Amino acid sequence: MAEVEDKLVHEVRPTTQEMRIPARFIPSPTVEPGHTFASVTDHISSIVLRKRMPLLWTITFAVSAMLVMVLTGTIGWLLLKGVGIWGINHPVGWGFDILNFVWWIGIGHAGTLISAILLLLRQEWRTSINRFAEAMTLFAVASAGLYPALHTGRPWYDFWLFPYPNTMSLWPQFRSPLMWDVFAVSTYATVSMMFWYVGLIPDLATLRDRANNKLAQLVYGALSMGWRGSAKHWYRYETAYLLLAGLSTPLVLSVHTIVSFDFAVSQLPGWHSTFFPPYFVAGAVYAGFAMVLTLAIPARKIFKLQDFITMKHLENMGKVMLATGMIVFYAYLMEAFFAYYSGNSLEKYMYLNRINGPYRAMFYALIICNGLAPQLMWVKRFRTSPVMLFITAMFVNVGMWLERFVIIPTSLHRDFLPSSWGMYHGTKWDWSMYVGSIGLFLFLLCLFIRYLPMISIFEMRTLLPEAQSHAAEAHE
Amino acid sequence: MAQIFHRSANTLSRVTIFGAVFIVAFVLWVIGGIVRSPLATDQGIEREQPVPFSHQHHVAGLGIDCRYCHTSVERSSFAGIPPTQTCMNCHSQIWTSADMLGPVRASFATGKPLEWSRVHRLPDFVHFNHSIHVYKGIGCASCHGRIDKMALTYQAAPLTMAWCLDCHRNPEKYVRPRNQVFNMAYVPVNQAKLGPELVREYQVQKLTSCSTCHY
Amino acid sequence: MKELTLNDFRKRAEGGGLYRSLDELARDDDFIAAVEREFPQQALPLERGVDRRDFVKLMSSSLALAGLAACNRPAEKIVPYVSQPESLIPGRPLYFATALALGGVGAGVLVESHMGRPTKIEGNPDHPSSLGGSDAMMQAAILGLYDPDRAQVVRHLGEIATWSAFLAALQPVLKDAKSNGAGLRLLTQTITSPTLGAQIQQLLAAYPGMEWHQWEAVSRDNVREGLRMAFGGYTNAVYHFDKANVVVSLDSDFLAAGPGHLRYARDFTSRRKVRHGQTASMNRLYSFDCGASSTGSLADHRWPVRPSEIEGLARALPAAIMKDLEANRGASIVIAGDDQPPIVHTVVMALNQALGNIGSTITITDPVEVAPVNQLESLRQLVTDINAGAVKALVMLGGNPVYDAPADFNFHHALTKVPFRAQLSPYYDETSMLVHWHVPEVHALEGWSDVRGHDGTISIVQPLIAPLYNGRSPHEVVGAMIGGLDQSPYDSVRAYWFAKGANEQSWRKWLHDGQIAGSALPARQVAIAPLPPAGEGPRSGGEGLQLHIRPDPNIHDGRFANNGWLQELPKPQTKICWENVALISPKTANDIGYDDEKRSALVNERSTVRADVTYRGRKVRLPLWVMPGHPDGVLTVYLGYGRTYGGKVATPEVGVNIYPVRFSDAMSGGAGAEIALVGGEDAYPVACTQEHQSINPKDMYGQEREIIRAGTFAEYQRDPHLGHKEHHGDESMYPPHVYKNHAWAMVIDTSVCTGCNGCVIACQAENNIAIVGKTEVHRERELHWLRIDRYFRGEPSNPEVFHQPVPCMQCENAPCEPVCPVEATSHSDDGLNDMTYNRCVGTRYCSNNCPYKVRRFNFFHYADYDTPALKPMRNPDVTIRTRGVMEKCTYCVQRVNEAKIEAEKRGGNQRVRDGEVTTACAQACPTEAIVFGDMNDKTSRVAALKGEPAHYALLAELNTRPRTTYLGTIRNPNPEIKGTS
C-alpha cells in the first residue's frame, strides 16, 4: 500500500484550467470532474504527508514565526510597564486593544457560520472550505482572546471576572457586558474547537492509515481516537456533528451580539444604539468571508486545489460578501439617519464629528473600503476572477478595522463635555501588538496546513459521482 | 497492517478523557483550600517577640484590663501599643532584675523603642476602626479570640473579607452588651433573643458598602 | 582630570565676557565633572533627558533621605513610643495654628498632624487674612516641607561643612566689620516679622557701617511708591470689598494674588452670592485686564487693554463707569495692579479720595513691612557698591538674586566680586552655586517666627516638626551675627514678645488662636498730596508689541519651581502646566503669521509653534499660546521657569527663564518687543489639560450643550431659572435607591468661582494624588480628581469666561457602576459611587461610560512608593493607588466615615450635623463656592442651595441624577453699557 501511495503523490488529474476550456462553457461544479475517491484522498492527504512544503509556505511560516516573537516581546513589555505603553488616555479608554479584539472576533465568524449554518441549509458547496474556515475561526478567536485578557490594567487579576466561591464572598457584576463577554467568547471558542475536532476525526484516521512513519501513525492514531469507520462510528459521528452544528448555530449570532453590547449598553453617543447586534453580526460575517477568501485564494494556488476549491466557491463567497456588505453599508446610513432623526444634539454632533472631525479621513476610507469596494461583486467577471476577489477581500479586511476605529476611539474622543475632549493615536506598541497577533494567526494557520488536511477528505468524497451512485444502489 | 496501539490504549484514552475533568476540579479545590489556610491568612501563628509577653499571665493571671495598655481602643481607630513607660509603671517595682525584661529596661534607659512584631495585619487598603466596634458592643474576644488564654499572642481569626462580612451582614450573631466588651470569658446566654435587641438598642447598622472599609 | 575650583569658575565668568546663564558657563566637561563630584544631587540636572520617574528612583537612594530612615518603619513591625506625649492619641490627628507667608505677608493656617507628621494645611477661620480659605501655594507647602531636594547641609564652596564652621568663618568678617564698620551688607526679602525686624535693627546698631538691602523679584515697589507719593510716607492700603457696591480694577488681580487676596476674594464674592428671595443688590466689577487674570474672568465688564493704556484710563475713566462710581460714593473701590507704575497708584488713590472711599471702603494704615524701601533701588545700590568695591561681605537671608535680579544689574557677575558671600536659602540654587557659604533655610513649618497679615495682624509661626534637613532660621543667622550666646529662634521670638508685655497665658492663647487678637494696624488719618501731571512714566512708549511680564500664578517668582504639585497644576486661565508660554490674542497671532489654519491643525494635538521674542537685544524662545480675551499687541509671559539649579523637578529645561529680558527700568516689560516664528520646527507639545475652550454654538457644530447656565442679575430677577427648562423623566429599569441615613451632596456656585485652584491642590494633598509629569499630562493622563473646567462664550477678542469645578458627580444612576465587571465601583448606602481600588482590574469601561470623564486611571505606576522622604507626607487615611487601577473623587469619604463614627460615639442615634464634615476642596475654597453636606438633613446649607431656582445639574438630560450640582453664573453688567467691550 505504502509504495502505491508514493507513486500517486503529486500526480493530479488534468483540470479544466490546464485544458484551457473557457470557464463560461462549463457549469461551475463544487469539485472538478474526473476525480475518484482515491485521487481526492491522495491529493489532499499528500499535502500533509509529503516531505517538503512549497517555498511560499516556508516563507510565510518564517515571517509569521518572527511576528510571533514580536508579539511575545510586546506582551512582555506590556506586563512589565503597564497599559500606559499604548496610546489610550482619559477620554479614550479603549483603543487598539478592544478594536482589534472586535476585529478578530468578527473574522472568527465565517468558520462556524459556513460549517454549521450552511450545513443545516444543505449547502453542499461548503464542504471544501469548511475545514479551512473552521481552523481560521479558531485561530482568529485565539488572537482575539489575547486582547481582552491583556487590556486590563492588572491582567493577573483577570480571574476575578469568573464567578467562583472566594474568601471575599464577592461575586462579579453580572450586569456588566464585559461579564457577558467572558461567557460568550469562551463558550464560542470551546464549541468551535469541538466542532472542528469532531469533523477532523475521520480524516485523522485516514492520515493515520496512510502515514508512513511511526511517530505520525502514533500521533494521528491517538487523535483519531480509534476511528475504524464502521457503520456504528459513522452513525454516531453524524449525530454528534449535527448536534454540534445545531449548538453552534445560535452561538454564531450570540457572540457578536454580545460583543456589540459592550458598546450598545453604554450611553456614549456612537455606542448607545439599539441596532448594533444585527449590524455587528452582519459585519462579522462580512469580515469572516473576506478573510476566508484572503486565505483560500492563495492556498488553492499554492497547493493546486483548484479542483476542490472551484470558482463556484469563490463566486458564492463573493456573493455573500456583497450581501453582507450591503447590510453593513445600510447600517452606516441608518446611523446617520438616527443622528438626524433623533433630534438629540449629542448624537448629531457625534456623526458630524465622524464626517468632519479630526478623524474624518478614517471615516471616508471606511466608506470606500466597506461601502464601495464590494459593489464590484455585482459584476460576474470580477466575481469569478480570483485576483479581483482577493483585492476586494483585502479592502474589506481593512474596512472592517476602520469601522471599529470609527466606532471606538472616534466616539470616545469627543463625548459630552468639551473640556475633556482629547485625541488618540496608536503607539508603536499598539502596532507591534496588532501585527504580532496577525503573526500568531498566520503561524497557527501554517502549522494547520502542514499537519492537518485543510479540506475535509471524506466529505469531498461524498460529492463525487461514485458516492452518488453508491447512494443510488443503496436506494434500490 | 499491524495495529499501532495495544488494546489497553482504549481504556487509557477513556480514563484520560474523563480523568481530566476530575484532575482540574481537584487542583482548583486544593488552591481554594490553600487561600483559606493559615499559609495565606497567618491564622494561629505565634510570632517571635523582643519580649515573650504573655497576655495569659497579665490578663487572666493579674486581671489587668485591656485598656490599661491599649489606651486608645475606645477613642481611636488604633487600639494603641503601650509605650515602654507603661511596662515600667509596674516593672520598675517588680521583676526589676528579670532577664526576660532586659529589652524593656534597655528601651526605657536608652529611649530606643521596643520593636514588636505585628500579629494582626490588615492590608493597607483596609481601614479598620477599633473605637466604633467597641462602642457598638463587639467584644475584643470576638475578633482576637481568648487572648487571656494565649501565652504567646497569635491571630485567632482568619481576617479574610468573608470573615468580616459574616459579622457585618448579621451583627446580631455577635453583638454583646457594652459592659461585656472587655470581658474575655463572656458567653451569651440567649444570643438569638439578645442579639436583635442589642442591635436595635445600639443602632448597629449592617454596613456593607465598599467605602465602609476601602478608601 | 584637573580639580576645578570656584576660582577657575570665576575666571571663566570674568574672562568669558557676555554669557546668558550659569549653564552656559558650565558647558565644559571637566567643570561638569567637578560639579558632579562635588554635588551628586546636581549630577542629574546637568546631564540631559531625565524624566520624573527616573529621578524619583534615584532620590530613593540619595543620601538626602538617610536622615528620614526612622520615618519609614518596616511593615511588619510596630514601634510604640517609649513614653507617649500627653496630648497624643495614636491614630487621631492633632491641629496646630500657625501662618504661612508669601512675599513677607502671612496668612493664618491650621496644620493637621498625624503622629507628629504634618500632612495637610487648612486656612485658619479666625485669621483675618484667611477666614479659613487657602490657595494652591499654601496647600502645596506640605510638599515643599518634605521635598527631598531641599538643601540638607551647610556647604562651603559646595563641600559639606558644618554650622559651627560657618560661624567660625563669620567671626573674622564680623570683627573686620566692627573695626572699620563699612563693607558688611545684609540682603533680605520683604520682612514683616517684628522679631526679625528688631534683631536686624540690633544688628545694624552693632555694626554702624553695615547696610541692609531688601530684594524680592515680585515686589510691591510700585504700590509702596505710589502710596508714598499720594500720602507722603510709606503706608499700607487695606480694602473692604464687602462694603463696595462698585469695584473698578485697573489691571489688578486682587482676587487671586497679592497680600490678603484670600480675604478680598471672600469679601468681594459675599456680595455676589445671589440667593432666592434675597433683596440686597449685587456688586459690580469693571475690569481693565492687561493679561488673563482671575479677576478679569469674574468681571461684569471686562476690557482687554495694553498695560501702557492703564495710566490714561486711571486719569479719565469712561463716563458710564464714573457715573456708576459717583452714584456709589464711599461705597466703591478703584484698585490698580501691582505691575502698574507708582504714578497709577497715586492717581487711583486720589480718585478714591475724591470718591470718599478712603476711610470707608479703604483703610490706610502704617506699612506692614518692618522697613519699607524701594527694593529695586535698594538692590541697585548694592550692585553699585559691589562694583565700586565697597562691599567686603554679603550675607543673603533667603532669596535667589542671581536667578531673579534684573538683567541689566548683571548681579551674578557683581556677586563674584564680593570677598565673603553667604546665603541662607531652602534650595541649593543658582545663587548658592556662587557663594562661599550656603546654609539650608528652615521651612515655615519647621521653625519659630512671627509674621504680619495683610492688615498687620500678627501671627506667631510655630513649628510642626523639627527641621528635617538641618535647616537654620533667619533668626538664628542674625542672632549669630549679633553675637552673644547662641539663641534659639524660639527664645528670640518668645523673648521679643515677653518684652512686649506678653505672659505665659497670652502666649499660649496666641499660639492656640494662630494670631494676636487686635494686632491689626489701626487706620491712620492721611492727606492726599496734589496729583502729579500726566505724561511721564516709564511705559509711555505704547507702540509696537508690548512685552508684559507677570509672576507665575503657580510657582510665583520661581521659588516653588521644585514643587511638583504646583508645576503640574493647570494655570487658572490657560490650563497649561509644567512650563510658561507667551500669551497672545487671536488677532495678534494672525498678525504675526500664526493664523487660524495653522492653529486649528495644532489645537487638537495640544501643540503649538515656538517663537523667538527679542526685547532690547535679548532673545528668548517661547511657545506661543493664543488666549481669547487677551489684549492685542501684548505678549504676556510668566516668570519663574527655566531654572538651572534648585531641584530635580525644577530642572532641567522646565519652561523658559524670562528674567534675562526683565530690566530694572521695565520690571513688568514694555513696548518694542519683536517676535519671529521659529521656522522649520515641528509642532511643539504643550501640557494643556483643556484645549477645547469655546462653548459658542457655532463651535459645537450648532449644538447647545447646556453645560453652563448663566444670566444677568436683571434677568435673574425676571426669571430666576435663567430660562433653563428642567429635564423630566426619572425612569430607571432598576429600583430607585433609598437613602435612609445620610445623602451626601455638593453644590458649586459658579458665580463666585475664581478658578484659583486652591481646591485642586487641597484635593491632591488630602487624597495622596500622584503627579505624572509633562509628557504624561500631554498624553492626557493627568490624575487630578478635581478639575476646573474653563469655558469661553462670545467673541474670541473678548469673551465671557466661566469657571466650573468638576469633581465626581456621585450620580444616583451612575453609568460607571453597572459596567464594571468586578464590581470595583459600587453604590454606597449614602449614595456615593464607591471606588474600591484593590478590587479594580482596570478595564477602563467605567471611564468610557462616564459622561463627565471624572475618572482617572493609573496607566503606569505613577504613585511614588520609593522615596522615603515623601512617605511621612501622605495622608494615612487614604490608600495609595497602584498601577492599572482606576481612581476618582470620593467626596473625601475618609473624612465622612470619621465624622460618622464620631457622631455615633456621641450616643443616642446622633447623625453628623451640618458643618461637622466637609471635603478638602470645600474647606479650601476661599470664596465658599463649594458647599458640601447631607441632602437628607433639610436644615443643611446644601439642602437649601439645592432648592435655589438657579440650581442645575450637569447633563441632567442623561438622567444620571448627579449629587454634585451647580448654581448658575449670575453677572451684574451695567445696563448703560452695551456689550462687554
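Just so it is clear, the model here is predicted, and its values are computed rather than measured. (Residues numbered from 1 in each chain as written. Chains lettered and ligands numbered in written order. Predicted model: local features only at pLDDT ≥ 70, side-chain atom pairs only at ≥ 80, totals over all residues. Heavy atoms only, no water.)

Caption draft 1: Region of interest: the interface of chain C and chain A. If you look at the interface, chain C gives 58 residues, while chain A gives 64 residues. Roughly 5,100 Å² of surface becomes buried between chain C and chain A when both sides are summed, with 54% attributable to carbon and sulfur atoms. On inspection of chain C and its partner chain A, the count reaches two salt bridges. Salt-bridge contacts for K853(C) lead to D415(A); the nearest nitrogen and oxygen are separated by 2.9 Å. Between chain C and chain A we count 36 residue pairs in polar contact (both at pLDDT 80 or more) in total. Of all the secondary-structure elements, those providing two or more residues to the side of chain C that touches chain A are β30 (787-793), α27 (816-819), α28 (845-848) and β34 (856-857) of chain C. The residue inventory of the side of chain C that touches chain A, partitioned by class, reads 25 nonpolar, 13 polar and 20 charged. (Contact = heavy atoms within 4.5 Å. Buried area = accessible area lost by both parts, 1.4 Å probe. Salt bridge = Lys/Arg side-chain N within 4 Å of Asp/Glu carboxyl O. Polar contact = N/O pair within 3.5 Å; in protein donor to acceptor, adjacent residues only side chain to side chain. Helix = DSSP H or I, 4+ residues; strand = E, 2+ residues; numbered from the N terminus. Nonpolar A, V, L, I, M, F, W, Y, C, P; charged D, E, K, R; others polar.)

Caption draft 2: The sheet that holds strand β17 (residues 437-440) of chain C, seen in detail. Residue and element names in this part refer to chain C. Pairing in this open sheet of seven strands is mixed, and the strands run β6-β5-β17-β16-β15-β7-β8 from one edge to the other. Two strands lie at the open edges of the sheet, namely β6 (159-160) and β8 (211-214), each paired on one side alone. Across four bridges, strand β7 (residues 184-188) lies against β8 in parallel orientation. Bridged to T188 within β8 is Q214. Across the sheet, helix α15 (residues 375-387) lies against β7, β8 and β15 (393-397), angled at about 125° from β8, the strand it touches most. (Pairing = 2+ DSSP bridges. Axes fitted to C-alpha atoms, helices over the stretch in contact; angles between N-to-C directions.)

Caption draft 3: Quick look at the sheet that holds strand β13 (residues 332-336) of chain C. All names here are of chain C. The four strands are arranged β12-β11-β10-β13 in an open sheet whose pairing can be described as parallel. Taken across any chain shown, the strands that pair with only one partner, and hence form the sheet edges, are β12 (301-304) and β13. Each neighbouring strand pair of the sheet contributes to a mean axis angle of 10°, computed without reference to strand direction.

Caption draft 4: Broad picture of the confidence of the model for chain A. Here chain A shows a mean pLDDT of 86. Residues at 70 or above account for 91%. Every residue in residues 1-16 of chain A scores below 50 in pLDDT, and together they form 16 contacts with partners more than four places removed in sequence or on other chains. (pLDDT = per-residue confidence, 0-100.)

Caption draft 5: Spotlight on the interface of chain B and chain A. The interface of chain B with chain A comprises 11 residues on the first partner and 14 residues on the second. With both sides pooled, the region where chain B packs onto chain A buries about 970 Å², and carbon together with sulfur makes up 68% of that total. Here chain B is connected to chain A by zero salt bridges. Counting every contact that joins chain B to chain A gives three residue pairs in polar contact (both at pLDDT 80 or more). Where the side of chain B that touches chain A is concerned, the elements lending two or more residues are α1 (8-36) and α9 (161-169) of chain B. Per element, the largest residue contribution to the side of chain B that touches chain A is four residues, and it comes from α9(B). Grouping the constituent residues of the side of chain B that touches chain A by class yields eight nonpolar, one polar and two charged.

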